[in-house]
Amino acid sequence: MAKVLLLTNTQGASAEVLPALGLLSHLVKVLPLEASVLVDAPVMDLIFVDARREFPAAKSLTRLMATTGVEQPIIVITTEGGLTAISADWQISDVILDSAGPAEVDARIRLAVDTRAFAREALEGASTEIRQGDVVIDEGTYTAKIRGTSLDLTFKEFELLKFLAQHPGRVFSRAQLLQEIWGYDYFGGTRTVDVHIRRLRSKLGPEFESIIGTVRNVGYRFTVQQPGREATSELV
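Thresholds applied
- Residues numbered from 1 in each chain as written.
- Predicted model: local features only at pLDDT ≥ 70, side-chain atom pairs only at ≥ 80, totals over all residues.
- Heavy atoms only, no water.
- Helix = DSSP H or I, 4+ residues; strand = E, 2+ residues; numbered from the N terminus.
- Buried < 20%, exposed > 50% of the residue type's maximum accessible area, 1.4 Å probe, protein only.
- Contact = heavy atoms within 4.5 Å.
- Axes fitted to C-alpha atoms, helices over the stretch in contact; angles between N-to-C directions.
- Parallel < 35°, antiparallel > 145°, perpendicular 65-115°, else oblique.
- Left-handed = near helix turned anticlockwise from the far one by under 90°.
- Nonpolar A, V, L, I, M, F, W, Y, C, P; charged D, E, K, R; others polar.
- Salt bridge = Lys/Arg side-chain N within 4 Å of Asp/Glu carboxyl O.
- Pairing = 2+ DSSP bridges.
- Phe/Tyr/Trp six-rings, centres within 6.5 Å; stacked < 30°, edge-to-face > 60°.

Chemist: Looking at this structure, I do not really get the overall build of the protein. What am I missing?
Modeler: Scanning the protein from terminus to terminus reveals six helices and twelve strands. Expressed as a percentage of the 236 residues in the protein, the buried residues total 43%. For the protein, contacts bridging at least 24 residues in sequence account for 58% of all contacts bridging at least 6.

Chemist: Even after reading the chapter, I still don't get the packing of helix α4 (residues 155-166) against helix α5 (residues 174-182), so can you show me in this structure?
Modeler: Packed helices, taken two at a time, are described by the angle their axes make and the gap between the axes. For the pair α4 and α5, the least separation of the axes is 10 Å and the interaxial angle reads 120°. With respect to α5, the element α4 is oriented oblique. The interaxial crossing formed by α4 with α5 has right-handed handedness. Only Leu 177, Glu 180, Ile 181 and Trp 182 of α5 make contact with α4, whose side of the interface consists of Lys 156, Glu 159, Leu 160, Phe 163 and Leu 164. When its residues are assigned to classes, the contact of α4 with α5 shows six nonpolar, no polar and three charged.

Chemist: Would you explain the pattern of salt bridges in this entry?
Modeler: Side-chain pairs of opposite charge can arise whenever the charged atoms involved come near each other. With the rule as written, the count across this model stands at 14 salt bridges. We note a salt bridge from Asp 94 to Arg 108, for which the minimum N-O separation is 3.3 Å. Placement of the pair is Asp 94 in strand β5 (residues 94-97) and Arg 108 in helix α3 (residues 102-126), with a sequence separation of 14 residues. Look at Asp 94 and you get partly exposed, because its relative accessible area is 24%.

Chemist: I keep staring at the sheet that holds strand β8 (residues 143-146) and nothing clicks. Help me out?
Modeler: Note on sheets: strands pair through backbone hydrogen bonds, and any given pair is parallel or antiparallel. Taken in spatial order, the four strands line up as β6-β7-β8-β9 in an open sheet, and their pairing is antiparallel. The two strands at the open ends of the sheet, each matched to only one other strand, are β6 (129-132) and β9 (149-150). Bridge count between strand β7 (residues 135-138) and β8: four bridges; the pairing is antiparallel. Its bridge partner being in β8, Ile 137 is matched across the sheet by Ala 144. Packing of α4 onto the sheet brings it into contact with β6, β7 and β8, and relative to β7 it is tilted by some 115°.

Chemist: Looking at this structure, I do not really get the pairing of strand β1 (residues 3-7). What am I missing?
Modeler: Every regular strand shows the same layout, with side chains that alternate between the two sheet faces. Extensive coverage of β1 is indicated by the burial of four of its five residues. Pairing analysis gives five bridges linking β1 to strand β2 (residues 27-31), with the strands arranged parallel. Within the sheet, the bridge partner assigned to Val 4 lies in β2 and is Val 28. Pairing analysis gives four bridges linking β1 to strand β3 (residues 46-50), with the strands arranged parallel. Looking at β3, one finds that Val 4 is bridged to Leu 46.

Chemist: Which parts of the structure should I look at to understand α5?
Modeler: Owing to its 3.6 residues per turn, the α-helix brings residues three or four apart onto one side. Among all positions of α5, only Gln 176, Leu 177, Leu 178, Ile 181 and Trp 182 are buried. Next to the buried residues of α5 lie α4, β10 (172-173), α6 (191-204) and β12 (219-222). Positioned one or two residues after α5, Gly 183 has a phi angle of 90°, which is positive.

Chemist: Looking at this structure, how should I read the packing of α5 against α6?
Modeler: Orientation of α5 relative to α6, taken along the N-to-C sense of each, is 80°, at an axis distance of 9 Å. Classified by the angle their axes make, α5 and α6 are roughly perpendicular. The segment α5 lies against α6, with Arg 174, Leu 177, Leu 178 and Trp 182 engaging Thr 192, Val 193, Asp 194 and His 196.

Chemist: How should the packing of aromatic side chains be read in this particular structure?
Modeler: The description of two aromatic rings rests on the distance between their centres and on the angle between their planes. Across all of its chains, the model carries four aromatic pairs by this definition. When the centroid spacing of 5.8 Å and the interplanar angle of 35° are considered together, the rings of Tyr 142 and Phe 155 count as tilted. Of this pair, Tyr 142 sits in the loop between β7 and β8 while Phe 155 sits in helix α4, and the two are 13 residues apart along the sequence. Classification of Tyr 142 by relative accessible area gives partly exposed; the value is 46%. Considering the side-chain rings of Tyr 142 and Phe 158, the 5.0 Å spacing of their centres and the 50° angle between planes classify their relative orientation as tilted. Of the two residues, Tyr 142 sits in the loop between β7 and β8 while Phe 158 sits in helix α4, which places them 16 residues apart along the sequence. Site record: aromatic cluster; members linked through ring pairs are Tyr 142, Phe 155 and Phe 158.

The values are spatial; any link to function lies outside them.
Here it is, written out as structure tokens:
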């Protein structure tokens, strides 16, 4: 079962946009077709974008997601007449007709999710180290160092630092980090993220604590810095 995000302005939700999707067992979250919802959007396996009517808005959104580092596969839903307007500059993984049956929809979802998983495994297998400026994170040994000095991190602190460092410059809301690091089964509040960020910064020390930057009213991001230089992100 995949976690699917459907972006649409249709009031009828998935039952009207892609009827076959409602017949499958995938977990579907429906949000408006707006860029602003991506800030607090849950971490999902795949994103469907409804382009049956609002073509310009849908195209702008898919291109925006591609340029801002959204990693999930993006599948555009359109009508048969709309197929002629879909091109490579939409920067999407796939396109599907709104009339597609359950078997086809399920196959498209599985292929998109599996392809992404295989790509990530290949990338992770090529190297276990993440290097961002003076920070070196070794996924194989679960160690993190700054200028050669090891950091004494808990498992969650390590996962939090690793996840942010893997997406330098990208802002993640507290809810997104909670779901990505702690998972959907965790019942604690987003305050947990703030506590771990504070502890992580403390262990990074005064010189490096600002590599974990705060974006007011949004969330946190990893600030890329040049080796030997201090980061200048705002702390709150």
